Amino acid sequence: MPPVISRPSRSADEVNEQIRSLWLRAGGRLTAEQRAQYALLVTEWAEATRSQVPEAA
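Each value, and the rule that gives it
- Residues numbered from 1 in each chain as written.
- Predicted model: local features only at pLDDT ≥ 70, side-chain atom pairs only at ≥ 80, totals over all residues.
- Heavy atoms only, no water.
- Core = buried A, V, L, I, M, F, W, Y, C linked by side-chain atoms within 4.5 Å.
- Buried < 20%, exposed > 50% of the residue type's maximum accessible area, 1.4 Å probe, protein only.
- Helix = DSSP H or I, 4+ residues; strand = E, 2+ residues; numbered from the N terminus.
- Contact = heavy atoms within 4.5 Å.
- Phe/Tyr/Trp six-rings, centres within 6.5 Å; stacked < 30°, edge-to-face > 60°.

1. Some remarks on the nonpolar core
Okay, so step 1: Of all hydrophobic cores here, the largest spans 6 residues; its members are Val 15, Ile 19, Leu 22, Ala 26, Leu 30 and Leu 41.
Okay, so step 2: Here this core takes 4 residues from helix α1 (residues 12-26), the largest share from any one element.
Okay, so step 3: In this structure, Leu 22 is in contact with Leu 30, Gln 34, Gln 37, Tyr 38 and Leu 41, ignoring residues within four places of it in sequence.

Pasting the structure below:
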């Protein structure tokens, strides 16, 4: 049985906008809590980016 692939609920563009907003609010310097949030967002962005690439035949 093939593995189940979950699709992100937000697009890469939506997540990218949230990443940009986080950096702007932080003034370029992230706290430990913001770095953790950033790491989660980058992971979500990467998954969303992969889901937008068509599968090879």
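2. Brief notes about the packing of aromatic side chains
Okay, so step 1: Considering all chains together, one arrives at 1 aromatic pair under this definition.
Okay, so step 2: Considering the side-chain rings of Trp 23 and Tyr 38, the 5.6 Å spacing of their centres and the 80° angle between planes classify their relative orientation as edge-to-face. Taken as a pair, Trp 23 in helix α1 and Tyr 38 in helix α2 (residues 32-51) lie far apart in primary sequence, 15 residues in all.
Okay, so step 3: Since its relative accessible area comes to 30%, Tyr 38 is described here as partly exposed.

These figures come from the coordinates and say nothing about function on their own.
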